[in-house]
Amino acid sequence: MATFISVPFKKASEVDLVKPLSKFVTATYPAGEEQADYLRAVEELNKLRKNALGRPLDKHESSLEILLRYYDQLCAVEPKFPFSENQLCLTFTWKDAFDKGSLFSGSAKLALASLGYEKTCVLFNVAALASQIAAEQNLDNDEGLKAAAKYYQLASGAFGHIKDTVLSALNREPTGDISPETVGALSLIMLAQAQEVFFLKATSDKMKDAVIAKLANQAADFYGDAFKQCQYKDNLSKEVLPVLAAKHCIMQANAELHQSMLAKQKKRFGEEIARLQHAVELVKTVASRYDEYVSVKDLSDKINRALTAAKKDNDFIYHDRVPEVKDLEHIGKAALVKATAITPPLSQKFTDLFEKMVPMAVQQSMSIYNQRKAETVNRLVGTMREATNLCNGVLASLNLPAALEDLSGDSIPQSIAEKSRSIVQQGGLQSIEQLIKDLPELLTRNREILDESLKMLDDEETTDNELRTKFNQRWSRTPSGDLYKPLRTEGANFRNILDKAVQADQVVKDRYNTHCDMITLLCKPENELNAAIPSANPTRTLQGSEVVNVLRSQLAQLDEIKKERETLEGEIKAVTFDMCTTFLTALAQDGAINEEQLSLAQLDQLYSAYNQRVQASLRSQEELLGQVQTSHQEFSSLKQSNTEANQREEVLKKLAAAHDSYVEISSNLREGTKFYNDLTEILLKFQNKCSDIVFARKTERDELLKELQQSIAREPSAPSFNVPAYQSTPAAPAGGPTPAPRTVFAQQPQQPQPPKPQPPARPPPPTFTPQAAATNPTTTPPTGTPSNNPPPVAPPGQAQGPPYPVYPGPGYPGPYQMGYNPYAYMPYMQYPTPPGPGAYPGAPPTGQPYQGYPQQPYYPQQ
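Please read these numbers as outputs of a predicted model, since none were measured by experiment.

Undergrad: Please explain a negative patch on the surface as it appears in this structure.
TA: Side chains of Glu14, Asp16, Glu43 and Glu44 sit close together on the surface and give a patch of like negative charge. As for its position among the elements, Glu44 is in helix H2 (residues 33–53). A residue is classified by how much of its surface remains accessible, and Glu44, at 40% relative accessible area, is partly exposed.

Undergrad: Teacher, can you tell me more about the packing of helix H6 (residues 180–204) against helix H7 (residues 209–230) here?
TA: In a pair of packed helices, the angle between the axes and the distance between the axes together describe the arrangement. H7 packs onto H6 with a crossing angle of 160 degrees between their chain directions and a minimal axis gap of 8 Å. Taken together, H6 and H7 sit at an angle that is classed as roughly antiparallel. As H6 runs across H7, the sense of the crossing is left-handed. Of the residues contributing to the contact of H6 with H7, the split by class is 16 nonpolar, 5 polar and 3 charged.

Undergrad: I would appreciate a short explanation of the nonpolar core in the present structure.
TA: The nonpolar side chains of soluble globular proteins are, as a tendency, buried together. Among the nonpolar cores identified, the biggest contains 121 residues, and Phe81 and Phe124 are the most heavily contacted of them. Setting aside chain neighbours within four positions, we find Phe81 in contact with Leu21, Phe24, Val25, Leu88, Phe354, Met357 and Met360. Counting residues in each nonpolar core, the second largest holds 47 residues, with Met456, Val508, Leu529 and Ala658 among its members.

Undergrad: Would you mind showing me how to read unusual backbone geometry here?
TA: Among all residues save glycine, negative phi is the norm, and among peptide bonds the norm is trans. With an omega dihedral of 0 degrees, the bond running from Pro344 to Pro345 counts as a cis peptide bond. Tracing the backbone shows Pro345 in the loop between helix H10 (297–318) and helix H11 (360–397). Positive phi, close to 55 degrees, is recorded for Lys206, a residue that is not glycine. The phi dihedral of Asn472 is positive, around 55 degrees, even though this residue is not glycine. For Asn472, the location among the structural elements is in the loop between helix H14 (428–471) and helix H15 (480–483).

Undergrad: Just to check I follow, could you spell out helix H9 (residues 269–289) for this structure?
TA: The first and last C-alpha atoms of H9 sit 30 Å apart over 21 residues, in line with the 30 Å expected at 1.5 Å per residue. Counted residue by residue, H9 has 15 buried out of 21 residues, so it is predominantly covered.

Undergrad: Looking at this structure, how should I read the confidence of the model for the protein chain?
TA: The predicted coordinates of low-pLDDT regions are not to be read in fine detail. Considering every residue of the protein chain, the mean pLDDT works out to 79; 78% of them sit at 70 or more. Taking the mean pLDDT of every element in the protein chain, the minimum, 68, falls on helix H12 (residues 402–405) and the maximum, 95, on helix H4 (residues 115–135). Note that residues 729–757 has pLDDT below 50 and, in this model, 40 contacts with residues that lie over four places away or in other chains. Between residues 852–862, whose pLDDT stays under 50, and residues either more than four places distant or in other chains, the model counts 27 contacts.

Undergrad: What am I meant to see in a nonpolar patch on the surface here?
TA: A surface patch of nonpolar side chains, amounting to about 370 Å² of accessible area, comprises Phe316, Ile317 and Tyr318. Along the chain, Phe316 turns up in helix H10. With relative accessibility at 67%, the residue Phe316 sits in the exposed group.

Undergrad: Please clarify how the packing of helix H8 (residues 240–265) against H9 should be interpreted in this entry.
TA: Where H8 contacts H9, the axes come no closer than 8 Å and their chain directions differ by 165 degrees. Accordingly, the angle class assigned to the pair H8 and H9 is roughly antiparallel. The way H8 lies across H9 gives a crossing that is left-handed. Residues Ala246, Cys249, Ile250, Gln252, Ala253, Glu256, Leu257, Gln259, Ser260, Ala263 and Lys264 of H8 form the contact with H9, whose participating residues are Phe269, Glu271, Glu272, Arg275, Leu276, His278, Ala279, Leu282, Val283 and Val286. Considering only residue class, the contact of H8 with H9 consists of 12 nonpolar, 4 polar and 5 charged.

Undergrad: Would you explain the pattern of salt bridges in this entry?
TA: Tallying each qualifying case throughout the model produces 36 salt bridges. With a closest N to O distance of 3.7 Å, Glu700 and Arg477 form a salt bridge. One end of the pair, Glu700, is in helix H21 (residues 643–714); the other, Arg477, is in the loop between H14 and H15, with 223 residues separating them in the sequence. Relative accessible area serves as the criterion here: at 3%, Arg477 is assigned to the buried category. The structure contains a network of salt bridges with shared partners spanning Glu460, Asp464, Arg468, Arg477, Arg697 and Glu700.

Undergrad: Explanation requested: the packing of aromatic side chains in the structure shown.
TA: What characterises a pair of aromatic rings is the spacing of the ring centres plus the angle enclosed by the ring planes. This structure, assessed with the given rule, holds 12 aromatic pairs. For the pair Phe471 and Trp475, a centre-to-centre distance of 5.8 Å together with 15 degrees between the ring planes defines the contact as stacked. We classify Phe471 as buried; its relative accessible area is 15%. Taken together, a centroid distance of 5.4 Å and an interplanar angle of 70 degrees make the contact between Phe494 and Phe686 edge-to-face. Placement of the pair is Phe494 in helix H16 (residues 485–522) and Phe686 in helix H21, with a sequence separation of 192 residues. Phe686 sits in the buried class, given a relative accessible area of 2%. An aromatic cluster is defined as three or more aromatic residues linked by ring pairs; in this entry it consists of Phe24, Phe81, Phe83 and Phe354. Directly above the ring of Phe4 sits Lys247, whose terminal nitrogen or CZ lies 4.3 Å from the centroid.

Undergrad: Teacher, can you tell me more about the environment of Ala334 here?
TA: Structurally, Ala334 can be placed in the loop between H10 and H11. Along the backbone, Ala334 and Lys214 are 120 residues apart, and their C-alpha atoms lie at a distance of 5.2 Å.

About the criteria used
Residues numbered from 1 in each chain as written. Predicted model: local features only at pLDDT ≥ 70, side-chain atom pairs only at ≥ 80, totals over all residues. Heavy atoms only, no water. Patch = residues over 30% accessible without salt bridge, like charges linked within 9 Å, V, L, I, M, F, W, Y side chains within 5 Å. Areas by Shrake-Rupley, 256 points an atom, 1.4 Å probe, with all protein chains shown as cover. Salt bridge = Lys/Arg side-chain N within 4 Å of Asp/Glu carboxyl O. Lys, Arg positive; Asp, Glu negative; His and termini not counted. Charge placed at Lys NZ, Arg CZ, Asp CG, Glu CD. Helix = DSSP H or I, 4+ residues; strand = E, 2+ residues; numbered from the N terminus. Buried < 20%, exposed > 50% of the residue type's maximum accessible area, 1.4 Å probe, protein only. Axes fitted to C-alpha atoms, helices over the stretch in contact; angles between N-to-C directions. Parallel < 35°, antiparallel > 145°, perpendicular 65-115°, else oblique. Left-handed = near helix turned anticlockwise from the far one by under 90°. Nonpolar A, V, L, I, M, F, W, Y, C, P; charged D, E, K, R; others polar. Core = buried A, V, L, I, M, F, W, Y, C linked by side-chain atoms within 4.5 Å. Contact = heavy atoms within 4.5 Å. Expected span 1.5 Å × (residues − 1). pLDDT = per-residue confidence, 0-100. Phe/Tyr/Trp six-rings, centres within 6.5 Å; stacked < 30°, edge-to-face > 60°. Lys NZ or Arg CZ within 6 Å of the ring centre and 35° of its normal.

Set out below in C-alpha cells:
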C-alpha cells in the first residue's frame, strides 16, 4: 500500500555567472578591497550553482541543503544586482521535468533572461528532491515517519509558492511543469501524502479509532482533490492518476474500517457491518483496477476477516439491522498537515556572500542623492564664482587697482606685472591653444563610441523585426524595440550632452579670440610690455591723498572676501554624510525608500548654514562695490585728465580683463577636457552594456530559432483526415493501464492521436493438415467487430480458435455486396500434389464443403 509519488528534477543548462557579474562589480565599485571581496563572492556563487545544478544529487538531506543554500543566495542577491533583459542580462535555460521529448527533438525547454525564472526552477527542484527524500524514508519507525511528513509538507509549500509567484516572476507563459495548474496539483498531492504519513503514524502509535478514522478520511479528501486537479493534466506521468484514485479508495476504506471499530465499541453492530461492506467494495475496486500500481492484499484480508466475524456475531447473537451506506453518519475529518511557508532563508547554514553589498534600491537612491548633493554644491560654488567674476569685471572696468599703482604714469603697474608673470607661469598662449586643439579629437572619439553602440542596437533590432515578420506569433520573445527603449533614451541623452558641449566649446573659443591680442601682450617680456603701454603725465600729487587710501582699503576688503570664498568653497565640497545607512533603515522599516523626502531633508540640514554664509558674502560684496564706485568717481575727478592718460587707462583695463579671461578660459578648457575624458569612460560602459545585451539577444535568438525548427519538424506534413473504419486495427483488450473507477471520479480524457493510414489487412492463411483431410475444418469466429455488435460465439462442440477480422471490400459498405470476392486479399496457398496422375476428389455430400479447402469466413450481421 505504501506507494508514494515523487517528482523528477528539472534540468538546467550551464550558465557562466562570473563574467557578467564581475563586469558589473568592476564597473560599479572602485578598485580596492571591497571590489576584490565582491569578485571572490561572484566566484563562490558560480561554484554554488554548479554544485546545486551541475551534477546529480543524492536523495539525502545534505543535497537538499545545497539546493536551499543556492535558492537563499539567489533571493539575497536579486535586489543587489540589476538583473533584467536591458541591464545585467543573464539567460537561464531549463528543460521541462515531465516532457521526455521525441526521437527527432529534445524535451521542451525555456530560456529567459530572468533571475525570477531561475529562482522558480530551483525551488521546483527543492520540492522535487524533498518529495524523493520523503519517498525513501523507512515508515516503520517514528524517525522515518516524522522526516517523511516534514519533507512532504516542504514540497507542498514549495509547489504552492511557485503557483502563487510564477506568472509574475516570468511575465510570460511558463513550461507545463511549472504552470500554476501543474504545481497546484503537485502541491495537493504532497499534502495528501503528508496526511497519509500522519495516518500511518497514528496507526503505528495505536491511537483511538475515532482519531485514525478522521485522519484517513481527511487523507482521502486530499487525494480526491488532487485527482480532480490532475485529471485534465496530460503532462504528468501515466501512473499518477491511477495511484491517486487508488489512494482515495484505500484511505476511504481505512476510514470506514476504523469507524466500524468505533461502531462496534458503541454496540452499533449493523453500522459496523455496513461500513465494512463499503470498505470491501472500495478495496475490491482497487484490486480489480489498480493492482499493478498499489497492493491492497493485507488491507483486504484484514477487512474481510473483520466483516466475517461481524456478520457471524450479528447473525447468531445481535440480529441488528444493517443500514444502507447512504444512511450512515459522515465520518469527521482532521487535517494535521500544512504546507511549509517559503520564507528565505530556508537553509540553516546560509550566509550571504554579498552581505556588504547594498541592495539596488539603495544604490539607485544613493545615485539620485549624490546627484542632488552635487547640484546643491555646484549651485553654492557657482553662485560664489559668479559673484567673484562680477567683482573682477567691475574692478577691471574701473582700472583698479592698476589706477592706484600707476600714479607715476610711466611704469608698469604692480598688479599688471603680477598678472603677466602669472600667465607666463601657466604656459601662456601655447597651453590654451593645445587645449583648444585637443577638444575636437576628444569629441570625435566620444561620437564614434556612441554611434557604434547605437548601431549595434539598430542591427539587432532590424534582425529581430525581420524574424518577427517571418514567424509572426511564433516569434514570442520581447520585441527589441521595446527592450531597447531605456538604452535609446540614454543614448539620446548622451547625444544631447555632446551637442551642448560643442556649443560650450564654441563660446570658449569666441572668448579666446576676443582677448587673444591682450593675452599675447601679457605674455611678452616686461620691457616689451612697458613699451606697449602708452605713457601719461604723472599724477604724483594724488599720492597720499585720503581718497587713494580709502580705495586701497576697500580693495583690500574685497580681496579678503574672495579669500573667504575660496575657503568656504573647500568646506562646502568637503561635506560628507552616510546617507546609505538612512536608506537601508527606511528600506528595512517600510519596505520602500522615499528618496526625495529623505534626501531633501538631509541636504537642507547639511547645507543650510553654508547657504547663509554665501548669501552674507554676496551682500558684503555688493555693499563694498557700491562704496568702491563712489570712491572711484571722486578719485577720477581729482586725476588730471587728458588723451594720453585715457589711452593708458584703456590699455590697462584691457590687460586686466585679458588676465581674468585667460584664467577663466584655461579653467573652462581643462574642465572641458576632463568632461570629455570622463564621458569617454561612461560611453565605454554604455557600449559594453549595449554589447552585452546584443550578445544575450543573439544567444536567445539562436535558441529560439532552434526550438522553432524542432517544432516545425514535429508538425505533420499533411492535414489530418478521418481513416475509414475498415482500416482501423482494433486495440488489444489488455496490456495498458486500467482506467480510473467510474465510481470515484470522471476518467481523464485522452487526447486522440491521428491514426496512421494502413493498407487493408489480410487474414491469415487457413491451416491445412493432410492427415486430417477427412475431417471438417473448424470455423473460427472473427473478432474486432464493430462496437455496436456483440462478438460472435462459436457453436457448441467447436473449439474457439484465434479470431479472424472482417474484411469488407474496398468501397463496399457490407460483406454481401454483388461482385465482392472475399479471397481477393488472401495469398495463394500451395497444396500438396498426390503422386501419379492428378485426380480431383469426389463431390462432397450436399451442404458439406470440399475437403482441404477453407470455409467461407464468418460475416456478422449488420
